[in-house]
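Descriptive structure summary
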Protein chains: 2
Amino acid sequence: MTRQLKNDIYGVYHLSPPAELNDIKTTVIRPATEKHIKKYLHQEVYLIQESGEDYKNITLPFIESQSFSIQWVYNILEKKAEADRIVYENSDPDNGFILLPDFKWNQKQVEDLYLIAISQKKGIKSLRDLTADHLPLLRNILKEGTEAILKRYGLRGNQLRIYLHYQPSYYHLHVHFTALGHDAPGITVERAHLLYDVIQNLEMDSRYYETRMLTYALREDEALLKSFKEAGKC
Amino acid sequence: MTRQLKNDIYGVYHLSPPAELNDIKTTVIRPATEKHIKKYLHQEVYLIQESGEDYKNITLPFIESQSFSIQWVYNILEKKAEADRIVYENSDPDNGFILLPDFKWNQKQVEDLYLIAISQKKGIKSLRDLTADHLPLLRNILKEGTEAILKRYGLRGNQLRIYLHYQPSYYHLHVHFTALGHDAPGITVERAHLLYDVIQNLEMDSRYYETRMLTYALREDEALLKSFKEAGKC
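Residues numbered from 1 in each chain as written. Chains lettered and ligands numbered in written order. Predicted model: local features only at pLDDT ≥ 70, side-chain atom pairs only at ≥ 80, totals over all residues. Heavy atoms only, no water.

- Chain A appears in an unreviewed UniProt entry as m7GpppX diphosphatase from Staurois parvus.
- Its UniProt record, at the heading Subcellular location (unreviewed entry), says of chain A: "Cytoplasm".
- UniProt lists a comment for chain A under the heading Catalytic activity (unreviewed entry), and it reads "a 5'-end (N(7)-methyl 5'-triphosphoguanosine)-ribonucleoside in mRNA + H2O = N(7)-methyl-GMP + a 5'-end diphospho-ribonucleoside in mRNA + 2 H(+)". (UniProt positions renumbered as here; feature names shortened; annotations may be inferred.)

Here is the structure:
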């Protein structure tokens, strides 16, 4: 341990922890696509204001032109992978979901608890596709997901941040559950949408997410940003 | 290195990095006062779902019972303090504001740019008090604040995160401007409300913030949490 500076009661030190206190958990993606690599590089970010029309004219054609594989999601839904990791399942094909730990969580402590609820129903790409028809699904995820987390991990609903991303990183509906005190990635106001608010908005107006201006950030190298620039919208 | 799981192209591994790749910087405070210890102690946080009725019955009486001094805000508005720090002013008593750098920003680089717009008009406590009558004020802050930041610091509107806090840390209307790439405190979905969304909501319904269920987090030691607990709402 070496000291770098000392001022009154404050000191800054450098040290190397012993191996047993220093287990590093890492995720390997192999083979990684260009998109995987870009996800982890530092990039300038720009705010997009996407109207319902912009979604139809720019974002939806972009999503449909991409072939970002969600085979791994289907593997989970079909029990071809990670079946032993499932924390809770509601098997209803329309209003059911599978709840399991996110890869980022090692499941050893609840302080950084992170689970994902994945819709059984395919074809709901994101927040933009949600209507009042999906309220039973969303309410199941909220109620049963919260109950399953209390039962398994002992955290109550008021200790959880439950939210969707827009844009999501994959276009199959899923909901994030993180410990409220955990500074998880993607919980900022320009990306996360609280499930409570999503339900409240759809109760008020079934077409809320079809018509609403949604604001989000895109990194300089994201192909969707290029589409907005080409459309003169950024 | 040991493998924990494998699904399609994704694998999770555990490893111990060599010492030369694993220098840890730490701050030591010695002796530490009670106040130092409390600052670094983990506080449990709880989510509150505050209805319009809860605001009237619990939160508003709490705010009114506190003697949160906002003299420092009035000092700025009356040019008794920080007059030399003002970046932009619209002096209209109803729809004007003063824009100045937040104390957290050293103004040396735009990567962590942080400014605050403070309403000239007194008595607008928070988001909850906003109605369609305040749209001219909010639109001025958005338009003129963004223009002033472009002129002085060179960042465009799509490189800024512009938002209000609920709960705010002081009950005089103010709007935060931070660099979009800056991971500033208080930008999480359970605290920040994008000004674009606030304007959109008030355009849709003048009573939106009077009636809406608003979700936010409170720390275990916050007095407002006690009020919610006493009301059996937490």
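**What about the confidence of the model for chain A?**
- This prediction gives chain A a mean pLDDT of 93; 100% of its residues lie at or above 70.
- Interface scoring of the predicted complex returns ipTM 0.85; its pTM is 0.86. (pLDDT = per-residue confidence, 0-100.)

**As for the pattern of salt bridges**
- Tallying each qualifying case throughout the model produces 34 salt bridges over all chains.
- The partner of B:Lys56 in a salt bridge is B:Glu53, with the nearest N and O atoms 3.6 Å apart. Of this pair, B:Lys56 and B:Glu53 both sit in helix H2 (residues 52-65), three residues apart, roughly one helical turn.
- Given a relative accessible area of 41%, B:Lys56 falls into the partly exposed group.
- Because the salt bridges share partners, they merge into one network encompassing A:Glu78, A:Lys80 and A:Lys122. (Salt bridge = Lys/Arg side-chain N within 4 Å of Asp/Glu carboxyl O. Helix = DSSP H or I, 4+ residues; strand = E, 2+ residues; numbered from the N terminus. Buried < 20%, exposed > 50% of the residue type's maximum accessible area, 1.4 Å probe, protein only.)

**Looking at the interface of chain A and chain B**
- With 60 residues of chain A in contact, the opposing surface of chain B contributes 56 residues.
- Here chain A and chain B share an interface that buries about 5300 Å² over both sides, 57% of which is from carbon and sulfur atoms.
- Where chain A meets chain B, there are four salt bridges.
- Across the pair B:Arg161 and A:Glu190 runs a salt bridge, and its minimum N-O distance is 3.0 Å.
- At the boundary of chain A with chain B, the tally comes to 18 residue pairs in polar contact (both at pLDDT 80 or more).
- Looking at the side of chain A that touches chain B, the elements with two or more residues in it are strand S2 (10-15), strand S3 (24-29), strand S4 (45-50), helix H3 (71-77), strand S8 (160-165), strand S10 (192-194), helix H5 (195-204) and strand S11 (214-219) of chain A.
- With six bridges connecting them, S2(A) and strand S3 (residues 24-29) of chain B associate as antiparallel partners. (Contact = heavy atoms within 4.5 Å. Buried area = accessible area lost by both parts, 1.4 Å probe. Polar contact = N/O pair within 3.5 Å; in protein donor to acceptor, adjacent residues only side chain to side chain. Pairing = 2+ DSSP bridges.)

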